Amino acid sequence: MADQQIRAEPVEQPDKKRRFTLPSAYTILFALIVLMAIATWIVPAGVYDRDEEGAPVPETYHEVDSNPQRILIDSITAPINGLYGIEDEEGNINYYNTGALFGAIDVALFIIVIGGFLGVTMATGAIQAGIGRLVGRLRGKERWMIPILMGVFALGGTTYGMAEESLAFYALVITVMIAAGYDALVGAAVLLLGCGIGTLGSTLNPFATGIASGFAGTSISEGLIGRLVILLIGLAIGIWFVLRYADRVKRDPAASVVHDMKADNEARFRATAGEGDVQALTGTHKVILAVFGLAFAVMMYGVIPWEDLGVGLPTLWWWFPEMTASFLLFAVVIGLIGRLSEGALTGSFIDGARDLLGVALIIGIARGITVIMNNGQITDTVLHWAELALGDVGQVAFAIVMYTLFLPLSFLIPSSSGLATVSMPIMAPLADFVGVPADLVVTAYQSASGLMNLFIPTSAVVMGGLAIARVPYGRYLRWVWPLLAMLAALTIVVLGAAALLT
């Protein structure tokens, strides 16, 4: 799932020289809060006039009296105010980019409940059994396994940001691939690129599309067509890339990126081939998988404004509170179908929620940056500077610049949720100034974040998956960079076309 890198823990190696490692997302974001507090003493305060909906009106920026923030006290209280969206003791308010009073507590609670929902589903064994059955059915047809499994894992990535869950399948898939005459990299790529491209082309992913849409003031359904194009074409490119390499390795084992490790990997993974029985896929598991998919379908239906689209379906006007309640209900339903005891159901829900507690905290800390900037009245100043810098750059150029800007930001702030929380209050109104819809900002953000999480060393899934496969990181990087370039080019084309058609 999203934000997998924030839970990575360094491995102590006292016998080796320590290498520099990036601080955690928590440290980076809190440091940014302090820097923003210092900036309120330096950057001129200013505001835009607002329209009736609270959105900033272009070319109405004017300076106002400065309101510098206290470096220590306001930096500490900012994340709390960011979660609750309340006035501080000076009467300052945390404004959302539309001007409405807005806290992040509903988003954070949604993330925690989603974690519980996934925890209950995993506790039933349905997902594990489903993938195990698929792998078993495809034995002897391993070449078909590559596109099918990549499609399945991409489905998990695009709907709920599947990431860490995939680590459980590395040994099984790699073993099958090695037995079929491929290498460990093929097995690792099926999982890593399948989930990663699905997340890059997120459609229903609440950790990327949902959070970013909420802070950008747009519906999760807006921009869906463009994201589907990125998902489907990107997945096709990824499958072709992996298949081409797999066929080359099968024809000539010496072409393998890890050919020098071939004997060791074959002995290691074939030794584990018979260990552990794959859980049988029962009728109950099939029902649970159907209900699991239904939960995301219901979420999608609830947030789509059918009336505005002219479709004769009732519009539910759902957002985070309703989606949270829906997933809570589905967690209970799945637990009952799976015949989990009361203790097992609540325990697995709490365990799953605990796994994503760090993501919820990230959102609060990241929102604290916006609180400091808004209370110090420098948010509109930064927006004004960006407006002047871009000028009349045009919609297509703006969409491309916006994407390229998100790439280094995704490395600096490796938490996708944190990046969305920090950037959307600035980028969404800036896009509005040049006539680019907010949903395009969301697509640019999630595509950039998804691309970076296919290779950055701060990703626990990248480093963990490669470690299981025993594929050196440097070799993986040299192998995967052409695919990364193709995916980046695809995203730029889709963003440019979407901006041109607005």
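These lines cover the structure that appears in this document, whether it is placed above or below. (Residues numbered from 1 in each chain as written. Predicted model: local features only at pLDDT ≥ 70, side-chain atom pairs only at ≥ 80, totals over all residues. Heavy atoms only, no water.)

## Brief notes about the pattern of salt bridges
No. 1: Counted according to the given criterion, the structure contains 5 salt bridges.
No. 2: A salt bridge links aspartate 74 to arginine 70; the shortest N-O distance between them is 3.0 Å.
No. 3: The class of arginine 70 is partly exposed, set by a relative accessible area of 30%.
No. 4: One salt bridge connects aspartate 247 with arginine 143, and the closest N-O pair in it is separated by 2.6 Å. In this pair, aspartate 247 is assigned in helix α9 (residues 224–251) and arginine 143 in helix α5 (residues 142–160), connecting sequence segments 104 residues apart.
No. 5: Residue arginine 143 is classed as partly exposed on the basis of its relative accessible area, which comes to 43%. (Salt bridge = Lys/Arg side-chain N within 4 Å of Asp/Glu carboxyl O. Buried < 20%, exposed > 50% of the residue type's maximum accessible area, 1.4 Å probe, protein only. Helix = DSSP H or I, 4+ residues; strand = E, 2+ residues; numbered from the N terminus.)

## Some points on the layout of surface pockets
No. 1: In this model, the second largest pocket occupies a volume close to 550 Å³.
No. 2: In terms of lining, the second largest pocket is formed by 27 residues, of which the most central are Met373, Val382, Leu409, Val422 and Ile426.
No. 3: Top element by residues in the lining of the second largest pocket is helix α17 (residues 416–433). It accounts for 7 residues.
No. 4: Taken together, the residues of the lining of the second largest pocket break down into 24 nonpolar, 3 polar and no charged. (1 Å grid on protein atoms, 1.4 Å probe; cavity = no way out; pocket = protein on both sides within 12 Å on 5 of 7 lines; lining within 4 Å. Points joined across faces, edges and corners; volume = space filled by probe spheres on them. Nonpolar A, V, L, I, M, F, W, Y, C, P; charged D, E, K, R; others polar.)

## Section: the nonpolar core
No. 1: Grouped together as the largest cluster of nonpolar side chains are 155 residues, with contacts concentrated most on Phe117, Leu193, Phe406 and Trp479.
No. 2: Broken down by element, this core gets its largest block of residues, 12 residues, from helix α7 (residues 184–200). (Core = buried A, V, L, I, M, F, W, Y, C linked by side-chain atoms within 4.5 Å.)

## A look at a nonpolar patch on the surface
No. 1: A cluster of nonpolar side chains, contributed by Leu35, Ile38, Trp41, Ile42 and Ile71, occupies part of the molecular surface with about 530 Å² of accessible area.
No. 2: Here tryptophan 41 is to be found in the loop between α1 (25–39) and β1 (46–47).
No. 3: On the accessibility criterion, tryptophan 41 (56% relative accessible area) is exposed. (Patch = residues over 30% accessible without salt bridge, like charges linked within 9 Å, V, L, I, M, F, W, Y side chains within 5 Å. Areas by Shrake-Rupley, 256 points an atom, 1.4 Å probe, with all protein chains shown as cover.)

## A word on α17
No. 1: When the terminal C-alpha atoms of α17 are compared, their 25 Å separation across 18 residues agrees well with the 26 Å that a helix rising 1.5 Å per residue should span.
No. 2: Burial analysis of α17 places 17 of its 18 residues in the buried class, the great majority of the element.
No. 3: Once α17 ends, the next one or two residues include glycine 435, with phi positive near 80°. (Expected span 1.5 Å × (residues − 1).)

## What about the environment of valine 480?
No. 1: Tracing the chain through its elements places valine 480 in helix α20 (residues 473–501).
No. 2: Taking C-alpha positions, valine 480 is 9.0 Å from leucine 454, a pair spaced 26 residues apart along the chain.
No. 3: Not counting residues within four places of it along the chain, the set of residues in contact with valine 480 comprises Leu193 and Phe241. (Contact = heavy atoms within 4.5 Å.)

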